[in-house]
Amino acid sequence: MKNETVTSQTISEGALVTLVEKGAAPSPARANRFAGGIWRTLRSLSLKQKLGFAILLVYLAIALAAAALITHYPWAINRTEQGLTARMEPPSSRHLLGTTDLGRDLFSQLVIGTRATIIVGFLAAFCVTVIGTNMGLLSGYFGGWVDEVIMRLVDIAYVIPFVPFIIILISLLEPSIWNIILAIILLFWRTPTRVIRSQVLSLKTRPFVKAARVAGASEWRILYTQIAPNILPLSFLYMTISVGWAVITEASVSFLGLGDPLVISWGSMLNSAFLSGAARHAWCWVVPPGMAIVLMVIATFLVGEAPEEYANPRLRER
Amino acid sequence: MYWRYLLRRILTLLINFWIVATLIFFMFRFLPGDPTAMFLDPSMTAEVRAGILERFGLNRPLHEQYLLYMQNLLGGDFGWSFYYNRPVGEIIADYLPNTVVLAVAALTVAYLVGVVGGVLLAWKRNSRLGEWGTLIPLFFRSAPVFWTGMVAVMFLSYRWNLFPHRGMRSPGYMADNLLEKFASPDFLHHLALPALIAALYYMGLPMLLTRTSMLEVFGEEFVDLARARGLSERRVMFVHVLRNALLPIVTATAVAIGLAVGGNIVIEYVFSWPGIGREIVLATQNRDYPLAQGMFMVIAAAVMITNMLADMVYIYLDPRVSF
Amino acid sequence: MSNILLDIQQLSVTYETARGPVQAVSELSLQLPRGVSIGIVGESGCGKTTLAKALIRLLPTNGRISGGAINFDGVDIARLSPKKLRNMRWREIAMVPQSAMNSLNPVYQVGAQLVETMVVREGMAKNAAWKRAGELFEMVGINPSRLHDYPHQFSGGMKQRATIALAMALSPRLIIADEPTTALDVLVEARILDLLRDLKETYGLTIIYITHDLSVVARTCDLMGVMYAGKLVEFGPTQQVIRQPLHPYTMGLIAAVPKGDIRDWEPVAIPGSPPELIHPPEGCRFMHRCPFATATCSVDVPALAEGAPGHWAACHYLHQAEQMREDARIPLTWSRSLAGAVEAI
């Protein structure tokens, strides 16, 4: 659908006007551009990426259906027929993965742990991506002192060692799932910012941007209606990788005992295993939560297609 | 020219260090959770309390505290540990070498195996090894390193008794000199498992990155010409392709260092390895803030310095870069 | 010792692509005497670069020699074992690659790459190798002081000279120059061509020039071959092929190059494009674009025939060459072909 009209002005102006009417003409597709962009991205994924997505959806489904899947209440202390606490029981038909040293059902804990992981993983990744993308957009597009300030902040975020920072932050605030998410957000936003900024830098010199400017669009409008949709696929892919990082971070923090005491997560399960000494021999306690983490993170890496490419110097400023 | 760049980098490093120190200072002061309450017993008398506050300088106005803090930091005085009742600097000096040994051992193995493994994965990419081999580093990068540690300890230490499951040396071991401290069979036996687990975790990045990087270089014309010159495939891979493929790996070292710091902390914790990683966790558990703060600064400084070194190495490796 | 250095017999090269096998070179036969330079011209995709790669057996992984033989001084290169092949590379046949821009490893000194070749392949001592590298540089006109520089410090012309020096390092007998001057400006190009010609005279080299630029061939080559859609359609002494081409395609190529008084010259363009090699057409491959094609051309594949002494072409109508030449000079003739008719629509 071309809205080309050639005016009677000078050649150069005429060319620009033509460009503008081609590029900035409001087309019906515009309204759904964001949604359309995401759908298009999904359809163009490779087999590996689709597999990763499928796995993530399975996890999501388990998390949503957790209440229906568990066999026992995860916190309940189960008892044997004799009335004793069912400590450290091996896997049986009653307790699919056995029990903890306090008699809690491991299978139910594993299933319920999906919830915490999904919440932390997706929420933290979402916030990190939103913040990082916006910072990258602003920094790359407006340049000048905005860019200086933001890149300075990014530099600082990069020099702060991540795990020590989280450890200290959580111990100063109370250990809760929201503080873990906060800590992740406070530092993780640095990576997408740099990457998005690079993209924006190369995009902002393109003709369609100049054309929109000539048409009278304000800078903000250009940024969010012209440039943003072009970097959305990158953002989206980034978000998926961030999920993986967030999950590992939450697991590590919980493992160190700084996790939310009211929340069962795979990391906290491993923490209990470690502290109770059961880690010496109880493979059914130690292996399943770990494998659950591994599988989820691999899924995110499959979608993001090799995360180390984001450390690629072509995207990183020298 | 090189020296001017070096100076500029050092200056940036010092500024960043100052910013981080300030950040952590205010973090401790402004976040909820009164730090003083942690070591002030309600049962203490007012005098004792005042005395302790005085000693730690906690009763002075904020800006004075800050200046004092900065001054001390520059002079190498990291404060006084609440828990151990010793200067933080001493504690750090005690534990730092252990961490360094573990980190260096793990990273060396990780990078050697990682780079060579990556070259092989790229070279033999059409064989079964090449196609399935990438799953190995992918797996180890996705698995939380404390978990692999736990599994390793469960099987290799407890079940099959191949390695000790904790600590740096057997209890009661007395070492006479530095060599015996760090090179004795007992020490190495204790070092083996944590270093191995850490290496498995760290090697994922260099291995996958080397492979990707090598594959990118394969398309370059000088590779074809090197083969046309009749050089052996091995030489082409390791001398011509790898040298070019290394550059992105060096820049990715920043990410690697970040991983290594986090990984080290968790590994030391799992294996009860007496290093600053483990200590910082214990310090926060014990609410020993001066110790936590001091260790944080040391870790931050180490990260910054290693990043700067990585940049230096990159410039040395790539003759096209000018500054 | 026969006079023929390179005897290519019915060479076929096939690429396995996602859409099926593509025969990039079809039953190509060519005989190259010693000490002679030959230019192989053709448009993009005609198979000339594939031919070059096949000669040094450096085809990409999806390519293979599917038929024929390449006899280099009696030895069939196409059948050599990898070990013997590697032994022969660069010592007997060397290459001056297309785009010297990327042919040198950017992270090593240029001199070091020459030295490496000599040390690794001939077992030369390092000092001797550096000395010889200096001599090679002088031979191609680069100051030996530049030996320790990196490729990015060289200009385009210098890089090309450096690759020529590299090619000469092991004193080969045959040099394949793949588009040696494409990326260079006209003045530099002239100097490089002169250099190659001087080297050929001095050292008795045999050189194959692969190029799409007729003027390069006209200036430097003793013999000339024209490739189209994977086949050799004409071959003979350069001056003869240019002055009295026998194959319509060659006629079109030559008519397209301005000559004489520009005011009198009318530009000719051959309409259409080369056929898809996945399903090569039956009969003559040029038929579709040839203004002189007849029904025979669509059925019978023309074989190379000697239309004049030492001058071969693959066309059914060699005896009418003179008339065709006349017609070919007129642009309107070319719209008579099938492709021309299609374009006129």
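Rules used in this analysis
- Residues numbered from 1 in each chain as written.
- Chains lettered and ligands numbered in written order.
- Predicted model: local features only at pLDDT ≥ 70, side-chain atom pairs only at ≥ 80, totals over all residues.
- Helix = DSSP H or I, 4+ residues; strand = E, 2+ residues; numbered from the N terminus.
- Buried ≥ 20, exposed ≤ 12 C-beta atoms within 10 Å, placed from the backbone.
- Contact = placed C-beta atoms within 7 Å.
- Pairing = 2+ DSSP bridges.
- Axes fitted to C-alpha atoms, helices over the stretch in contact; angles between N-to-C directions.
- Nonpolar A, V, L, I, M, F, W, Y, C, P; charged D, E, K, R; others polar.
- Core = buried A, V, L, I, M, F, W, Y, C linked by C-beta atoms within 7 Å.
- Parallel < 35°, antiparallel > 145°, perpendicular 65-115°, else oblique.
- Left-handed = near helix turned anticlockwise from the far one by under 90°.
- Expected span 1.5 Å × (residues − 1).
- Arc of directions from axis to C-beta.

Visitor: An account of the overall build of chain A is requested, with residue identities and associated values reported.
Guide: Within chain A one finds 13 helices and zero strands. In sequence order, the secondary structure elements of chain A are arranged as α-α-α-α-α-α-α-α-α-α-α-α-α. Residue burial in chain A is summarised as follows: out of 318 residues, 45% are buried. Put simply, of all contacts in chain A between residues at least 6 apart along the chain, 71% involve residues at least 24 apart.

Visitor: Pulling in residues and values, what's your account of the sheet that holds strand β4 (residues 63-72) of chain C?
Guide: Residue and element names in this part refer to chain C. An order of β2-β1-β4-β5 is seen for the four strands of this open sheet, with the pairing classed as antiparallel. Edge positions in the sheet fall to β2 (20-33) and β5 (75-76), since each has one partner strand and no second. Here strand β1 (residues 4-17) runs beside β4; their pairing, made up of eight bridges, is antiparallel. When the sheet's bridge partners are listed, L6 is paired in β4 with F72. Each of β1, β2 and β4 is contacted by helix α1 (residues 48-55), which is oriented at about 70 degrees to β2, the strand it contacts most.

Visitor: Give me the lowdown on the sheet that holds strand β10 (residues 231-237) of chain C, citing residues and values where you can.
Guide: Residues and elements named next belong to chain C. Pairing is mixed across the open sheet formed by eight strands, whose spatial order is β6-β7-β8-β3-β9-β10-β12-β11. Looking at strand neighbours, the two that pair on one side only are β6 (93-96) and β11 (305-308), the edges of this open sheet. Neighbouring strand axes in the sheet, compared pairwise and without regard to direction, differ in orientation by 25 degrees on average. Alignment of β11 against strand β12 (residues 311-313), held across three bridges, turns out to be antiparallel.

Visitor: So what's going on with the interface of chain B and chain C? Which residues, and what values?
Guide: Between chain B and chain C, the residue contacts involve 17 residues of the former and 19 residues of the latter. Within the residue set of the side of chain B that touches chain C, elements represented by two or more residues are α12 (221-228) and α13 (233-251) of chain B. Among the elements that take part in the side of chain B that touches chain C, α12(B) stands out by supplying six residues, more than any other. Each residue belonging to the side of chain B that touches chain C can be placed in one class, and the counts come to five nonpolar, three polar and nine charged.

Visitor: Could you give me a rundown of the nonpolar core, with the residues and numbers involved?
Guide: Generally speaking, nonpolar side chains in soluble globular proteins are found buried as a group. Counting 272 residues, the largest nonpolar core has B:Y202 and C:I176 as its most contacted members. Examining the composition of this core, we find that 18 residues originate from one element, helix α11 (residues 219-255) of chain A, more than from any other.

Visitor: A description of the packing of helix α4 (residues 126-140) of chain C against helix α5 (residues 156-168) of chain C should follow, citing residues and the corresponding values.
Guide: All names here are of chain C. Taken N-terminus to C-terminus, the directions of α4 and α5 make an angle of 125 degrees; their axes are 9 Å apart at the nearest point. The orientation of α4 with respect to α5, classified from their angle, is oblique. You can see that α4 and α5 cross each other, and the crossing is right-handed. Only R161, I164, A165 and M168 of α5 make contact with α4, whose side of the interface consists of L136, F137, M139 and V140.

Visitor: I'd like a description of the interface of chain A and chain B, backed by residues and values.
Guide: Each partner contributes residues to the interface: chain A has 40 residues there, and chain B has 43 residues. Within the residue set of the side of chain A that touches chain B, elements represented by two or more residues are α6 (144-159), α7 (162-172), α11, α12 (266-275) and α13 (283-304) of chain A. Counting residues per element, the side of chain A that touches chain B draws most heavily on α13(A), which supplies nine residues. Class assignment of the residues belonging to the side of chain A that touches chain B gives a composition of 29 nonpolar, six polar and five charged.

Visitor: Quick one: what's the story with the packing of helix α3 (residues 47-64) of chain A against α13(A), residue by residue and with numbers?
Guide: Packed helices, taken two at a time, are described by their axes: the angle between them and the distance between them. Residue and element names in this part refer to chain A. The interhelical angle for the contact between α3 and α13, taken along N-to-C directions, is 140 degrees, at an axis separation of 7 Å. Of the two elements, α3 crosses α13, and the hand of that crossing is left-handed. Across the interface between the two elements, K48, Q49, L51, G52, F53, I55, L56 and Y59 of α3 pack against L295, M296, A299, T300, L302 and V303 of α13. Classifying every residue of the contact of α3 with α13 gives ten nonpolar, three polar and one charged.

Visitor: How would you summarise α6(A) if you had to cite specific residues and measurements?
Guide: Side chains three or four residues apart in an α-helix point the same way, a direct result of the helix having 3.6 residues per turn. Residues and elements named next belong to chain A. Between its first and last C-alpha atoms α6 spans 23 Å; for 16 residues at 1.5 Å apiece the expected length is 22 Å, and the two agree. Along α6, the residues classified as buried are I150, V154 and Y158. The buried residues of α6 occupy one face: seen down the axis, they fall within an arc of 85 degrees. Of the exposed residues in α6, the ones pointing more than 90 degrees away from its buried face are W145, E148 and V149. Where α6 is buried, its residues touch α5 (106-142) and α9 (190-203).

Visitor: How would you explain α5(A) if you had to name every residue and give the values?
Guide: Residues and elements named next belong to chain A. Spanning 37 residues, α5 covers 53 Å between terminal C-alpha atoms, matching the ideal 54 Å at 1.5 Å per step. Taking burial as the measure, the 37 residues of α5 include 27 buried ones, the bulk of the element. Two residues or fewer after α5 comes G143, characterised by a positive phi angle close to 60 degrees.

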